[in-house]
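A closer look at the structure
Residue strings, one per chain:
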There are 2 protein chains.
Amino acid sequence: MAKTKIAEIESCCSSVLTTTLSEQEAVDLARGYAALGDPVRLRLLSMIASAGECCSCDLEAPLGKSQPTISHHTKALAEAGLIVGEKRGRWMWWTIVPDGVLALRQALAP
Amino acid sequence: MAKTKIAEIESCCSSVLTTTLSEQEAVDLARGYAALGDPVRLRLLSMIASAGECCSCDLEAPLGKSQPTISHHTKALAEAGLIVGEKRGRWMWWTIVPDGVLALRQALAP
DNA sequence: TCCTCCTATTGACATCCGTCGATACATTTG
DNA sequence: CAAATGTATCGACGGATGTCAATAGGAGGA
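These notes cover the structure that comes with them. Note that the structure is predicted; figures quoted are calculated from it, not measured.

1. What about the nonpolar core?
- By size, the foremost hydrophobic cluster in this structure holds 58 residues, and its most contacted members are Tyr-33, Leu-42 and Leu-45 of chain A together with Tyr-33, Leu-42 and Leu-45 of chain B.
- Not counting residues up to four positions away in its chain, the partners in contact with Tyr-33 of chain A are Leu-104, Ala-107 and Leu-108 of chain A together with Tyr-33, Leu-36, Gly-37 and Leu-42 of chain B.

This is the structure:
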């Protein structure tokens, strides 16, 4: 909980628009935005967020993509720190990582 | 000015996290985030924002990229609606489009 | 144990993307 | 007009990426 607050404060102070980014900062942030730079991944994130929690198998049909493709995209979002998965029985349940999204949001703050 | 306010209000109501995105909304938003998904473009945006206004020729050296590459990236950011260029004499001056950045920021609002 | 179901990984393919040299365009200056 | 300068476009190359069929891994049920 304390860590969350610190992360929030820090991300507040490193906006793309108010400070000139270093090479490393740019690489890290770009990785996050790149994860959002695909329509399928955006809808995936949207569905998980709206549902609060979502199982992989429920994402295939609405998006019209194959199972490997969905798995590929969930992995990409997870590696970007935007979602996290928990295996329960045979099912993989995905939830949003608020801090991950927040960091990308704050980086665009004026 | 009134238009700006409307845009702000509208973008407030269509967050990725609170509504399930349609195919078209996802495609449009993804285009914007994809524009941010490159370290060079992020630093470019950052430099333009920090300087308030920036000429193409001043972006090459700090980023260590060739002139065609810089031109390529400024075009990408411009087509994403994040910067706009104005030609004055031989020089191209770039400025941030606040509404463009705002839309991407608001789309990540909780 | 064997079968079924959900997920992850692999391999392959087509496409997109970042990069730069060469070149064309546009504008100022001599 | 001619030369110089800043910018955009073209062509090409290597690497990254989205997609799916096939396959492997893993957990629960008959």
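Now that the structure is up, let's keep going.
2. Things to note about the sheet that holds strand E3 (residues 91–96) of chain B
Residues and elements named next belong to chain B.
- Taken together, 3 strands build an open sheet; the order of strands is E1-E3-E2 and the sheet is antiparallel. The open sheet has two free edges, formed respectively by strand E1 (54–55) and strand E2 (83–88), since each of these has just one partner strand.
- Pairing between E1 and E3: 2 bridges, direction antiparallel. Within E3, the position partnered with Cys-55 by the bridge is Trp-93.
- Across the sheet, helix H3 (residues 39–51) is in contact with E1, E2 and E3; its angle to E3 comes to roughly 90°.

3. Structural notes on the relation of the copies chain B and chain A
- When chain B is brought onto chain A, the operation consists of a screw motion whose angular component is 180° and whose axial shift is 0.0 Å, with 0.1 Å RMSD remaining. On the angle and the small slide along the axis, the relation comes out as a two-fold axis.
- Same-surface contact between copies: 100% of interface residues of chain B are shared with the interface of chain A.

4. Digging into the interface of chain B and chain A
- Contacts between the two partners involve 33 residues from chain B, matched on the other side by 33 residues from chain A.
- Taking both sides of the interface into account, the surface hidden between chain B and chain A amounts to around 2,600 Å²; carbon and sulfur atoms contribute 71%.
- Between chain B and chain A we count 2 salt bridges in total.
- The salt bridge partner of Glu-23 of chain A is Arg-43 of chain B, with a shortest N-O separation of 3.0 Å.
- Counting across the chain B and chain A interface gives 11 residue pairs in polar contact (both at pLDDT 80 or more).
- Going through the elements one at a time, helix H2 (23–36), H3 and helix H6 (98–106) of chain B are the ones with two or more residues in the side of chain B that touches chain A.
- Grouping the constituent residues of the side of chain B that touches chain A by class yields 21 nonpolar, 8 polar and 4 charged.

How each quantity is defined
Residues numbered from 1 in each chain as written. Chains lettered and ligands numbered in written order. Predicted model: local features only at pLDDT ≥ 70, side-chain atom pairs only at ≥ 80, totals over all residues. Heavy atoms only, no water. Core = buried A, V, L, I, M, F, W, Y, C linked by side-chain atoms within 4.5 Å. Buried < 20%, exposed > 50% of the residue type's maximum accessible area, 1.4 Å probe, protein only. Contact = heavy atoms within 4.5 Å. Pairing = 2+ DSSP bridges. Helix = DSSP H or I, 4+ residues; strand = E, 2+ residues; numbered from the N terminus. Axes fitted to C-alpha atoms, helices over the stretch in contact; angles between N-to-C directions. Least-squares fit on C-alpha atoms with pLDDT ≥ 70 in both. Buried area = accessible area lost by both parts, 1.4 Å probe. Salt bridge = Lys/Arg side-chain N within 4 Å of Asp/Glu carboxyl O. Polar contact = N/O pair within 3.5 Å; in protein donor to acceptor, adjacent residues only side chain to side chain. Nonpolar A, V, L, I, M, F, W, Y, C, P; charged D, E, K, R; others polar.

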